[in-house]
Amino acid sequence: MILSSLWPSLTRLYLIMFLLFSCNSTYNAFTIGSLPSSINQKSNLVSISPGGFTGFYTLGITSYLKKHYNLNDYVFLGASAGSWNALLLTSKIPNEIIVDDLLNQSMFQEYTTISSLHSSIKNYIIDTYDTYHFNLNKLFVSVSVFRYLYFKSKILFNFNSLKDAVEGCMSSSYIPFVTGGIGLTRIKNIIVDGGWPKFPPDNIDPYFYIEPSMWGKQFKREDIFKYPSNVDFFREMYQLGYNDSHTNKKVFDLYFDKLNIQNTSFTYTMRDSHPPTCLPGAQHYN
């Protein structure tokens, strides 16, 4: 009887001890806190939700948005898969170039676990691009930080380098045993997936909210959490999100100014030919 009454408390204690010994600890160069008051949430904050593997569908949505609309005055908040989308929205390089080159990497054929894929994407971005390719002052990453026996939503921002921004995205995507292994860490800034317990946090009211279901697609649970057996899944999800965004572009028209695609701040040229797996609208630079 006594044990029965203590069970909820023991369960909570066990969970806390598990998290203390398994979660990420971050010490990188960025700020952990609340969304700065200087950000006008209702006029220029775009948030991108978590989505697991459907984050590649979201990537099609955000790539279409970036290609066709003027986002100069906007900042981006993402959690988990949405944080990677937010990172690419801050890039000075067109998304179709980044995504096309990314999806042509062998990692999508070689790996079968989300933790391996995460690590490979992290290393690829850090090895391929530099901090100056991104406007990191426009990036905000949602995480859940362990404080006083509870988890509380916090925002990572003021990234000093691309490496720090990528580490922030990794932290926002971290689920013990799923997206990373366990190990002993120092007890400081214990961080887990930014989509838990809620995204966006209660005190944040974005101007525009992007999520995998925004165009009416009903994804199966396995589409979100199960590593796909079809190696074309990632590209197909991206293309589907891109094409669905084109179909529903009138929604974007209500919120964003259209971009003159002939004018771009990044200079690039077409290659003589595209690879056969080239994405919709993809171009390449030398």
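Since the structure is predicted, the reported quantities are computational estimates derived from the model, not experimental observations. (Residues numbered from 1 in each chain as written. Predicted model: local features only at pLDDT ≥ 70, side-chain atom pairs only at ≥ 80, totals over all residues. Heavy atoms only, no water.)

Asker: Just give me the short version of a nonpolar patch on the surface, but keep the residues and values in it.
Answerer: A grouping of Val251, Leu254 and Tyr255 is seen on the molecular surface, where their side chains present a nonpolar patch of about 290 Å² in accessible area. As for its position among the elements, tyrosine 255 is in helix α11 (residues 249–255). (Patch = residues over 30% accessible without salt bridge, like charges linked within 9 Å, V, L, I, M, F, W, Y side chains within 5 Å. Areas by Shrake-Rupley, 256 points an atom, 1.4 Å probe, with all protein chains shown as cover. Salt bridge = Lys/Arg side-chain N within 4 Å of Asp/Glu carboxyl O. Helix = DSSP H or I, 4+ residues; strand = E, 2+ residues; numbered from the N terminus.)

Asker: Can you lay out the nonpolar core for me, pointing to particular residues and giving the numbers?
Answerer: With 57 residues, the main nonpolar core has Leu87, Phe234, Phe252 and Phe256 as its most contacted residues. It is helix α3 (residues 55–68) that contributes the most residues to this core, six residues altogether. Counting residues in each nonpolar core, the second largest holds eleven residues, with Leu45, Val75, Phe140 and Phe157 among its members. (Core = buried A, V, L, I, M, F, W, Y, C linked by side-chain atoms within 4.5 Å. Buried < 20%, exposed > 50% of the residue type's maximum accessible area, 1.4 Å probe, protein only.)

Asker: Residue-level account of the environment of glycine 78, with values.
Answerer: Along the polypeptide, glycine 78 turns up in strand β4 (residues 75–79). When the C-alpha positions of glycine 78 and serine 49 are compared, they lie 6.0 Å apart, and in sequence the two are 29 residues distant. Contact partners of glycine 78, with chain neighbours within four places excluded, come to Ile48, Ser83, Ala86, Phe140, Val141, Ser142, Ser172 and Phe199. (Contact = heavy atoms within 4.5 Å.)

Asker: Account for unusual backbone geometry, naming residues and giving values.
Answerer: The general pattern is negative phi for most residues beyond glycine and trans for most peptide bonds. The phi torsion at serine 80 lies on the positive side, around 55°, for a residue other than glycine. Residue placement: serine 80 occurs in the loop between β4 and α4 (81–89).

Asker: Outline the packing of α3 against α4, listing residues and values.
Answerer: Between α3 and α4, the least distance of the axes is 10 Å, while the angle of their chain directions is 25°. Considering their axes alone, α3 and α4 lie roughly parallel with respect to each other. Judged by the sense of rotation from one axis to the other, the crossing of α3 with α4 is right-handed. Counted together, Gly55, Thr58, Leu59, Thr62 and Lys66 of α3 and Ala81, Asn85, Leu88 and Leu89 of α4 form the full contact between these two elements. Residue composition of the contact of α3 with α4, grouped by class: four nonpolar, four polar and one charged. (Axes fitted to C-alpha atoms, helices over the stretch in contact; angles between N-to-C directions. Parallel < 35°, antiparallel > 145°, perpendicular 65-115°, else oblique. Left-handed = near helix turned anticlockwise from the far one by under 90°. Nonpolar A, V, L, I, M, F, W, Y, C, P; charged D, E, K, R; others polar.)

Asker: Could you give an account of the side chain of serine 83, with specific residues and numbers?
Answerer: Its place among the elements puts serine 83 in helix α4. A residue is classified by how much of its surface remains accessible, and serine 83, at 0% relative accessible area, is buried. Those residues in contact with serine 83 that sit more than four places away from it in its chain are Gly78, Leu139, Val141, Cys169, Ser172 and Ser173.

Asker: Lay out α4 with the relevant residues and their values.
Answerer: For α4, the buried fraction is high: nine of the nine residues fall into the buried class. When we look at burial in α4, the residues that qualify are Ala81, Gly82, Ser83, Trp84, Asn85, Ala86, Leu87, Leu88 and Leu89.

Asker: Which residues make up the pairing of strand β3 (residues 45–48), and what are the values?
Answerer: Alternating residues of β3 divide into Leu45 and Ser47 and Val46 and Ile48, and every residue in both groups is buried. Direction of pairing for β3 relative to β4: parallel, over a ladder of four bridges. When the bridges of β4 are listed, valine 46 appears paired with phenylalanine 76. Between the parallel elements β3 and β4, the chain passes through α3 in a crossover that is right-handed. By the bridge criterion, three bridges tie β3 to strand β8 (residues 208–210) in an arrangement that is parallel. In the strand pairing of β8, serine 47 is matched with tyrosine 209. (Pairing = 2+ DSSP bridges. Right-handed = clockwise from strand over helix to strand, strands pointing away.)

None of this, on its own, says anything about what the molecule does.
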